[in-house]
Amino acid sequence: MMPMASRKSVLLLLLLLLELGLAVVPAICAVHRVCIVGSGIAGASTAFFLRNYSDSNLPLDIHIFEQRDVVGGRMAMVDLAGDKFEAGASILHPKNLYTVGFTDLLGLKRVTESDSSAFGFWDGEKFVFRTLQPGCSVFSKKITDLLNTLAVVWRYGLSLFQMRSHVQRLLERFTQLYAANRKAYSTVEDLLRSVELYDATQHTLADELIAEGLSAQIINELVTVITRINYGQNATLSGLAGSVALCGSGADLWAVAGGNWRMADGLIKYANASLYLNEKVVSISSAKNLYNLSLASGEVENCDAVVIATPLDEEKISFDPPIHLPDRHMQHTFVTFSYFNLESISSMPDLIGTLETSAVPFTSISVLKSYNDSDKAYKVFSRNAVSDDLLDLLFSRRDSTIRLDWAAYPHFKAPEHFASFILDGQHLYYINAFENAASTIETSALAAENVVRLLLERLSHGSLKTKVSIPVVSSDRKLYKDL
């Protein structure tokens with residue numbers, strides 16, 4: 001046992017060392033409370049990357065606030081005739097490495113879309129182009145696919161291959177965003193410039209394609225049909241968004257079995273984040289390095305950092321001090337789901353895309369499921385609500401109809417102007433600043449990953465450095481692969 005005099009000497013020495021700043025004492029790491037507004041793929045990805053990029057030197061307490069009673073945001077489902085169908089973001093690309101990794105990590109099954117369905121382009125009076133209906137046998141389907149391919153090549157010629165080359169160049173640049181050594185960017189502009197994609201946001205898609213030698217016919221028909229289906233706009237939308245839309249017309253597109261919302265649900269659970277449903281955030285204020293989130297329920301939550309993972313364009317959230325956002329409005333897409341009897345027009349293509357003309361009251365009509373030769377479930381996209389009179393004109397009998405009005409994505413307009421990922425110079429972050437570059441499930445996850453690394457580096461004052469990583473399945477289900 002140490003004598004009392006010796007213990008006093010040691011205590012005096014320790015006090016002296018502390019005074020001189022030379023004593024080493026165990027550090028107790030404070031837990032940082034991060035609040036996320038929105039439980040769509042952006043919010044869920046944020047929670048996931050926060051949990052997996054942080055370490056014991058920067059412990060996090062993650063809270064997610066969702067104003068609806070379900071997770072998933074714009075990855076929503078509808079029930080029609082006893083079946084569930086995607087109402088929002090519905091397709092993913094095979095080179096979407098984050099979402100492919102998420103589904104693998106969470107054990108979710110991917111289902112691919114059939115690319116042998118018949119389609120036609122409608123100008124308000126007639127089909128300017130349509131493909132043949134596939135046959136019943138494997139042999140007849142292959143013959144039909146070959147004939148349809150030849151018909152498309154004959155109509156659009158070299159421009160078809162130029163369009164595919166354009167898409168391939170975009171994918172090659174986009175893939176660079178997964179590079180392990182990519183830094184975290186505080187602005188969308190710098191992020192896009194790092195992979196030579198920024199300029200595409202400053203010109204229209206039509207101008208980009210004309211400069212590459214594509215014909216007016218393919219731009220006015222095939223390209224316009226694709227952009228109208230995917231973004232509700234014609235080829236005058238900004239170039240990067242339009243090019244991303246073209247990627248959504250390729251082969252091997254997929255979705256999550258049971259609904260894409262399951263990715264968000266799984267990521268939130270994987271991150272062990274606290275989820276609050278039916279909790280709408282009405283205001284966010286900051287003082288003394290803390291943020292106060294006021295909820296519609298009357299509760300107030302205190303946070304060290306806040307991540308906005310929902311578009312602020314139509315959200316009624318007030319900020320104190322005020323924030324500045326560039327003008328942007330959302331493109332509303334009206335989605336009508338109906339169970340139809342098609343006895344009068346049973347030869348209708350599985351997908352009808354439309355040209356840009358005021359004579360057409362809808363953007364597209366597509367078959368979701370065929371129950372028999374005459375009874376089918378359909379999805380109708382339009383810029384305005386579809387009336388009962390129009391539905392009755394199109395179809396002989398309508399057994400069930402569901403209508404939705406989606407603030408689906410920004411209205412893309414070149415040149416695009418972007419909000420910063422950091423809204424106040426402190427720890428208020430905005431993932432959806434990226435969205436008027438392109439709006440997809442994958443780009444939301446990519447923007448979330450960038451914001452998380454930015455947040456962690458700034459919250460740790462630069463001591464926590466992270467590298468871009470792609471989730472992969474492993475024995476402990478928590479390993480990553482650097483690209």
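Residues numbered from 1 in each chain as written. Predicted model: local features only at pLDDT ≥ 70, side-chain atom pairs only at ≥ 80, totals over all residues. Heavy atoms only, no water.

Notes on the pairing of strand 6 (residues 119-122)
Residues in a regular strand project their side chains so that they alternate between the two faces of the sheet.
At step 1: Sheet topology note: the strand 6/strand 16 (residues 351-354) ladder contains four bridges and is parallel. Its bridge partner being in strand 16, glycine 120 is matched across the sheet by isoleucine 352.
At step 2: Bridge count for strand 6 against strand 7 (residues 127-130) is three bridges, and the pairing is antiparallel. Looking at strand 7, one finds that glycine 120 is bridged to arginine 130.
At step 3: Turn length for the strand 6-strand 7 hairpin, with the two strands adjacent in sequence and antiparallel, is four residues, and the turn residue glycine 124 shows positive phi of about 100°. (Pairing = 2+ DSSP bridges. Helix = DSSP H or I, 4+ residues; strand = E, 2+ residues; numbered from the N terminus.)

Some words on the confidence of the model for the chain
At step 1: Put simply, the chain has an average pLDDT of 87, and 89% of its residues get 70 or more.
At step 2: Contacts for the low-pLDDT stretch residues 1-8, under 50 throughout, to residues beyond four places or in other chains number two contacts.
At step 3: Predicted confidence is poor over residues 473-483, with pLDDT under 50, and the contacts of this stretch with residues over four places away or in other chains come to 30 contacts. (pLDDT = per-residue confidence, 0-100. Contact = heavy atoms within 4.5 Å.)

Details of empty space enclosed by the protein
At step 1: Considering all chains together, one arrives at two cavities of 30 Å³ or more under this definition.
At step 2: Taken as a whole, the largest cavity holds about 60 Å³ of empty space.
At step 3: Together, Ala42, Ile431, Asn432, Phe434, Glu435, Ala438, Ser439, Thr440, Thr443, Ser444 and Ala447 line the largest cavity.
At step 4: No other element matches helix 12 (residues 441-459), which puts three residues into the lining of the largest cavity.
At step 5: Looking at the second largest cavity, the residues that line it are Phe174, Leu192, Leu197, Leu240, Val244, Phe434, Ala438 and Thr443.
At step 6: Split by residue class, the lining of the second largest cavity holds seven nonpolar, one polar and no charged. (1 Å grid on protein atoms, 1.4 Å probe; cavity = no way out; pocket = protein on both sides within 12 Å on 5 of 7 lines; lining within 4 Å. Points joined across faces, edges and corners; volume = space filled by probe spheres on them. Nonpolar A, V, L, I, M, F, W, Y, C, P; charged D, E, K, R; others polar.)

A closer look at the environment of isoleucine 422
At step 1: For isoleucine 422, the location among the structural elements is in the loop between strand 19 (397-410) and strand 20 (428-430).
At step 2: When its relative accessible area of 14% is taken as the criterion, isoleucine 422 is described as buried.
At step 3: Residues isoleucine 422 and leucine 455 lie 33 residues apart in sequence; the distance between their C-alpha atoms is 9.1 Å.
At step 4: Setting aside anything within four residues of it in sequence, one finds isoleucine 422 in contact with Ser186, Leu428, Tyr429, Leu454 and Arg458. (Buried < 20%, exposed > 50% of the residue type's maximum accessible area, 1.4 Å probe, protein only.)

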